[in-house]
Amino acid sequence: MTEFTSDVDSHPDSPGQDSDDAVGYYVPGEPIADTKAPGGPISERWNTRKFEARLVNPANRRKLSVIMVGTGLAGASAAATLGEAGYVVKSFCYQDSPRRAHSIAAQGGINAAKNYKEDGDSVHRLFYDTVKGGDYRSRESNVYRLAEVSTNIIDQCVAQGVPFAREYGGLLDNRSFGGVQVSRTFYARGQTGQQLLIGAYQALERQVNAGTVTTYTRHEMLELIVVDGKARGIIARDMVTGEIETHLADVVVLASGGYGNVFYLSTNAMGCNVTATWRAHRKGAYMANPCYTQIHPTCIPVSGTHQSKLTLMSESLRNDGRIWVPKNKADCTKDPRDIPEEDRDYYLERIYPSFGNLVPRDIASRQAKNMCDEGRGVGPEVEGVRRGVYLDFADAIGRLGRDAVEDKYGNLFDMYARITGEDPYQVPMRIYPAVHYVMGGLWVDYDLQSTIPGLFVTGEANFSDHGANRLGASALMQGLADGYFVLPHTIRDYLADGPFEAVDPSHPAVVEARRSVEDRIEHFMTVQGTRSVDSYHRELGNIMWEYCGMERTEDGLKKAIDLIRGLRDDFWRNVKVLGSAATLNQSLEKAGRVADFFELGELMCIDALNRRESCGGHFRGESQTEDGEALRHDDQFAYVAAWEFAMDEGLGAQKPVLHKEDLTYTAIEMKQRSYK
Amino acid sequence: MTATAGTESDTTSDGMKLTLKIWRQANPETPGAMHTFHLEGVSPDMSFLEMLDVLNEQLNAEGEEPIAFDSDCREGICGMCGLMINGQAHGPEVTTTCQLHMRTFSDGDEITIEPWRADAFPVLKDLCVDRSSFDRIIQQGGYVSVNTGSAPEAHSIQVPKDAADRAFDVATCIGCGACVAACPNGSASLFMGAKITHLGELPQGQAERDARVVNMVGQHDHEGFGGCTNIGECTAACPKEIPLDVISQLNKDLRTAMRHGH
Amino acid sequence: MSHPPRPSGFRSGDTVACVATPTLIKGSRSTRSTIALKLLMAVTGLVFIGYVLLHMYGNLKVFAGQEAFDEYAHHLRTFGEPMLPYGGLLWTVRVVLLLSIVGHAYAAFALWARAGRARTQKYVVRKAVASTLSSKMMRWGGVALLLFVIFHLLHFTTQTVHPGGVTESPYERVVNSFAPEYWYLTVIYLLAMVALAMHLRHGVWSASQTLGLTNSAASRTRANLAGVFLAVVIAGGFALVPLSILLGLVD
Ligand SMILES: Cc1cc2nc3c(=O)[nH]c(=O)nc-3n(C[C@H](O)[C@H](O)[C@H](O)COP(=O)(O)OP(=O)(O)OC[C@H]3O[C@@H](n4cnc5c(N)ncnc54)[C@H](O)[C@@H]3O)c2cc1C
Ligand code: HEM
Ligand code: SF4
Ligand code: FES
């Protein structure tokens, strides 16, 4: 803990913290520290660690096996690299091909401190922007390393044939992204994630051909196997035959992506889940900052109760579009073109005159919610509320001409038109914030190793690099940094202890892991209740969005925890899963995922309850300045909340143990944000 | 597309009524058959897959097992979805199944929904097929062999903008398999040509160019895909509008490799 | 049952049996591929095109009168003498054509069979949107052409079929055959020309594509136009002769 100076008495459960909102919902635990990051100047730490990490003799690598769960940027890149190094790798994904991992959907771009534009960028500036973007809640050593290896990523991807945008001279083009002042974002039109992932996927498939990697597609990890305190394998279900399989290895890596789907509606793919990381959490891996969620302001609003997912539109739209809602509720159902200028409230321009429509993601998102909560939202009424605000290009079209607007945003306008059936050149677009990314994830040390030895976590699944809010174009960077350049170095230090003794499939820990999976499936197949899995998921999502979304309050979170617990109990008793477990069964797959989302949702609310500060993307109602802006409490909350799973048998619910990792900044100074 | 603001609320009482004829098949070994379902209250704002979600909710409530179909991103980029809708791959519009919306259909329509049909894409269940043959084609050379860490500085490779743009255009293939589904010969030439052209346009892809095309085509044939007769149904069905050029390029690369004795 | 390829030597105690289902093929050869078959078709197809162009040119000599035509037919046989024996060129052409037709038909049937195996379960509803009629007719149209070629040889070359009587003068053979009383012969020939036109319409475009000559939208348009042009010129050129005779323009 940083030195705590406050004259307020601190609760014994939470030294350093004025508040203890979550008292009764958790148990305080020992502080936790990252033991792997070397000391010394920040710019030397990664080199030192790489040097100190022990090497594995090439002849021994064939005898060492790695299980890699996930084939997104973080997983595919690591599997390929470890395969190239000569380890035996098994790669898992739930889709029918590794190429379909959700990284494919990223649009905007990837940051790298190449300074090709000679505009003052540097490793240090990227580091600084990322820490600041994360509202000083990330670990500085990790972020610095991320900025350092960012340049290698671009080299690697270009060599693989990733078709980044280029200038006429044949060199790579860059753009500025996410409100930073330098142009350091590399992009491939609006499909950067796709192109990067295909590069990593191809590298992976090359290793399949070389015989070092075996891919298991349509396989879902349902349990982690921990033998003698070490991660030694997974239990997976073959989603086609229903077979429950045991896969054993010397080390397990989770690169299973984010859990934004706990909100039911998000920009994540339908299958994104927390099961892989949650099962590891239940087996002892700490979950860090689970409540840190990123909410993106420019998504296409919900059109009805049938809505299954939300679609993101690039933030760049805010450069030229003006955001408004009607001043009068009565106007909300009118054709927006008939609402005169004086009856429109350009609320961002009004509240934040200097930044206007370009305020950061979290502010834009929260104000949109406020407008709709006031009853001034527009668009279809879904469950009694209109959730949408206008993003109007009439001015831009007037000023620049339709062609110029079409040039810049044509593909986004087309996408919008396809989904909504409305022509954005004629009628203002409607947008609404949506869950987009989670900064929280399994706690890892500098080596990306979790609290379970032999269990490594990379990409969105870990927590380490983005603090309380993620800078645009840095998730792709993190996924590839972890996979290509960090994990392959740190994992060898662990593998250097090998070859390891093989685990017998009849080992009690293996048998027990397998049995728990079989029991759970058996349960789902026999409840035969009355409600579908989706209906539970949707209801859970509504609770999360309402109480643990953009704005949180103590009362709301407590209410949410009660609601979640009640709904979860009902789910276990009353869910209806038809068909058989011995074939492809999508309801069964969803049931397992939703079961874990319930537990995660509960923990997210507890974490949010404890964190009585507004930081990053989260606004805590109880922590605001006089004019209603977010108020951070560095003196109290400059820590990572790492939660250890624990059940309170009497309560029949989780009562997790909170371990705090202090965040200290040596290379950067903490500052409050201001956008007024 | 209409120019009205979407003030419609999601009513299920006065939506469209549809008759759906859907292929159902329990598993890869059991023969399947078409089944007829009736669905009411379909909103024109629903995506095609959301319409099927609603049908599945209804089936689940009635005690009938929901229909299995694949999807993941539901925004037209992952390539997981793919249905034959009224005889057209991904339906009547140039987009993916997940981005097809019900406003394309009318009240009272009968819609036939089948899985992709190709022996190289065996049906796993209902509307889900196994497209791992595509992965194996890529395994045979759809990459540049460069180990992590061995790459030169990115700016040491200059790529003319035209080449970079063309490489990008064809690299947007999402591997959905619609080209195979639509092809009267069940050929995967468009998919393969897209990869050959993507890597062939770039300096990085030259070293392995001959071996790549020969091995990929070898795997394509081995998987049981048909030969191309340049009819063009693939391009018409492709949601990413990959042009027929890529097949020409594929053929040319193979011819060149032949000349080089591969 | 299809699965991703399973490992053949994973060392730990897995429960998954190693099923070697879909395999990666080793040692692929360009010459053994479907594209090689296509190239064979394209090249032999071009041989046919060259031949029918010359053949058509020869046929049009009918309009120059009996003498010119018979002279031309004779010249075909004496061409290249004494370097070549009598009929040498003709036989060389015949051998090339015979090999071509064998190669062309072999490739066509091999690919046809392959396409059948590539989709054994047909669609219940199928809507083609890009196929031209010509492209759909390639296979059966090709068979029709093959039958026609056989008939044509029996008719004019061996004179096994000789509606207008056996004669030494090629000119007379032609004129007699297409006389109005044998109108059905004219119909057969005209139908064959329709089939040929369609085959060429798609074939020219397809051969350009197969040979890798159509790397841009513009070149694709050109290849398609060339297909239409050659189809009209060749089939039209051939059709002129029987039509003119039928209408009494040549006697
Ligand atoms: C719409 C959208 C746009 C974005 N745009 C940008 C952007 O412009 N720039 C940027 O930097 N970031 C962006 N992001 C964020 C970024 O794309 C992701 O954070 C990042 O790609 C995550 O990569 P990953 O490898 O960690 O996980 P993923 O790509 O999500 O991969 C997860 C993998 O794990 C597998 N998996 C999951 N669970 C299981 C299980 N139980 N069993 C087996 N396998 C499992 C999946 O099959 C998959 O292969 C965007 C995100 C979204 C949703
Ligand atoms: C005078 C006779 C013929 C000519 C001029 C001719 C010409 C051509 C040409 C140019 C092609 C295109 C090759 C390619 O696809 O690249 C072709 C294709 C084909 N031909 Fe012929 N051909 C003739 C006879 C036949 C016969 C007798 C058959 C029947 C067995 C046949 C069947 C086919 C088939 C099936 C194709 C493939 C269709 C396609 O590529 O789309 N052809 N032909
Ligand atoms: S070429 Fe087009 S249709 Fe074929 S797999 Fe790629 S995106 Fe799908
Ligand atoms: S579900 Fe991803 S493309 Fe349709």
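Chain A appears in an unreviewed UniProt entry as succinate dehydrogenase from Nocardioides donggukensis. Under the Catalytic activity (unreviewed entry) heading, UniProt states for chain A: "a quinone + succinate = fumarate + a quinol". Reading the Sequence similarities (unreviewed entry) entry of the UniProt record for chain A gives the comment "Belongs to the FAD-dependent oxidoreductase 2 family. FRD/SDH subfamily."

Let us look at the overall build of chain C. A count of helical and extended segments in chain C gives 8 helices and 0 strands. Element order for chain C, N to C, with α for helix and β for strand: α-α-α-α-α-α-α-α. For chain C, the C-alpha radius of gyration of 24 Å lies well beyond 18 Å, the compact-globule estimate for 251 residues. Taken along the three principal axes of its C-alpha coordinates, chain C extends 90 × 50 × 40 Å. In chain C, which comprises 251 residues, the share counted as buried stands at 43%. Contacts in chain C between residues far apart in sequence, at least 24 positions, make up 66% of those at least 6 positions apart. For chain C, the computed accessible surface area is about 13400 Å², with 70% contributed by carbon and sulfur atoms. Side chains of chain C give 21 positive and 9 negative charges; the mean places of these two sets differ by 33 Å.

Before going further, it helps to spend a moment on the coordination of the iron atom of ligand 2. Residues and elements named next belong to chain C. Surrounding the iron atom of ligand 2 are the protein donor atoms H104 (NE2) and H199 (NE2), at 2.1 Å. Each of the 6 donor atoms around the iron atom of ligand 2 contributes to a set of angles spanning 80 to 180°, which defines the coordination as octahedral. With H104 in helix α3 (residues 88-118) and H199 in helix α7 (residues 183-210), this pair connects stretches of sequence that are 95 residues apart. Here H104 matches H199 in class, with each residue buried.

For the rest of this paragraph, the subject is the site of ligand 2. Taken together, the neighbourhood of ligand 2 is formed by 21 residues, with K38, H104, H199, S206 and T210 of chain C sitting nearest. Chains contributing residues near ligand 2 are chains B and C. In this structure, an oxygen atom belonging to ligand 2 sits 3.2 Å away from a main-chain N or O atom of T229 of chain B. For ligand 2, an oxygen atom lies 2.9 Å from a polar atom in the side chain of K38 of chain C. Elements with a minimum of two residues in the shell around ligand 2: α1 (34-60), α3, α5 (138-157) and α7 of chain C. The element contributing the most residues to the shell around ligand 2 is α7 of chain C, with 6 residues. For the shell around ligand 2, the class distribution of residues is 10 nonpolar, 9 polar and 2 charged.

Residue and element names in this part refer to chain A. On the basis of which strands lie adjacent, the open sheet formed by 5 strands has the order β12-β18-β17-β13-β14 and antiparallel pairing. Bordering the open sheet on either side are β12 (293-299) and β14 (344-345), each of which pairs with just one other strand. In terms of strand pairing, strand β13 (residues 322-326) meets strand β17 (residues 389-392) through 3 bridges, oriented antiparallel. Looking at the pairing, W324 lines up with Y390 of β17.

This part is about the domain arrangement of chain A. A common way to state how big an interface is: give the accessible area lost once the parts meet. Residues and elements named next belong to chain A. Per the domain assignment, the segments making up chain A are domain 1 (296-436) and domain 2 (508-662). Spacing between the C-alpha centres of domain 1 and domain 2 amounts to 31 Å. The interface is formed by 15 residues belonging to domain 1 together with 12 residues belonging to domain 2. Between domain 1 and domain 2, roughly 980 Å² of surface is buried when both sides are summed, and carbon and sulfur atoms account for 52% of that area. Three residues, D362, R366 and K369, lead the burial of domain 1 against domain 2; their summed loss comes to 50% of the area buried on that side. Taken together, the connections running from domain 1 to domain 2 amount to 1 residue pair in polar contact (both at pLDDT 80 or more). Contributions of two or more residues to the side of domain 1 that touches domain 2 are made by α9 (361-373) and β18 (429-438). When residues of the side of domain 1 that touches domain 2 are assigned to their parent elements, the largest contribution, 7 residues, is made by α9. A per-class count over the side of domain 1 that touches domain 2 returns 6 nonpolar, 4 polar and 5 charged.

Looking now at the packing of aromatic side chains. Residue and element names in this part refer to chain A. The final tally for this structure, using the stated rule, is 39 aromatic pairs over all chains. Centroid distance Y116 to F186: 5.9 Å. Interplanar angle 75°. Geometry classified as edge-to-face. Of the two residues, Y116 is situated in the loop between β4 (110-111) and α4 (123-133) and F186 in strand β5 (residues 185-186); the sequence distance between them amounts to 70 residues. The class for Y116 is partly exposed, based on a relative accessible area of 22%.

Our focus in this paragraph is the confidence of the model for chain C. Residue and element names in this part refer to chain C. Overall, the predicted model of chain C reaches an average pLDDT of 87, with 92% of residues at or above 70. Across residues 1-20, where pLDDT falls below 50, the model places 59 contacts with residues more than four positions away in sequence or in other chains. With a pTM of 0.94, the predicted complex shows an ipTM of 0.95.

Reading guide: rules and limits
- Residues numbered from 1 in each chain as written.
- Chains lettered and ligands numbered in written order.
- Predicted model: local features only at pLDDT ≥ 70, side-chain atom pairs only at ≥ 80, totals over all residues.
- Heavy atoms only, no water.
- UniProt positions renumbered as here; feature names shortened; annotations may be inferred.
- Helix = DSSP H or I, 4+ residues; strand = E, 2+ residues; numbered from the N terminus.
- Rg over C-alpha atoms; globule rule 2.2 N^0.38 Å.
- Buried < 20%, exposed > 50% of the residue type's maximum accessible area, 1.4 Å probe, protein only.
- Contact = heavy atoms within 4.5 Å.
- Areas by Shrake-Rupley, 256 points an atom, 1.4 Å probe, with all protein chains shown as cover.
- Lys, Arg positive; Asp, Glu negative; His and termini not counted.
- Charge placed at Lys NZ, Arg CZ, Asp CG, Glu CD.
- Donors = N, O, S within 2.8 Å, 3.2 Å for Na, K, Ca; no water.
- Tetrahedral: all angles 85-135°; square planar, octahedral: opposite > 155°, others 65-115°.
- Near = heavy atom within 4 Å.
- Polar contact = N/O pair within 3.5 Å; in protein donor to acceptor, adjacent residues only side chain to side chain.
- Nonpolar A, V, L, I, M, F, W, Y, C, P; charged D, E, K, R; others polar.
- Pairing = 2+ DSSP bridges.
- Domains from an automatic or database assignment.
- Buried area = accessible area lost by both parts, 1.4 Å probe.
- Phe/Tyr/Trp six-rings, centres within 6.5 Å; stacked < 30°, edge-to-face > 60°.
- pLDDT = per-residue confidence, 0-100.

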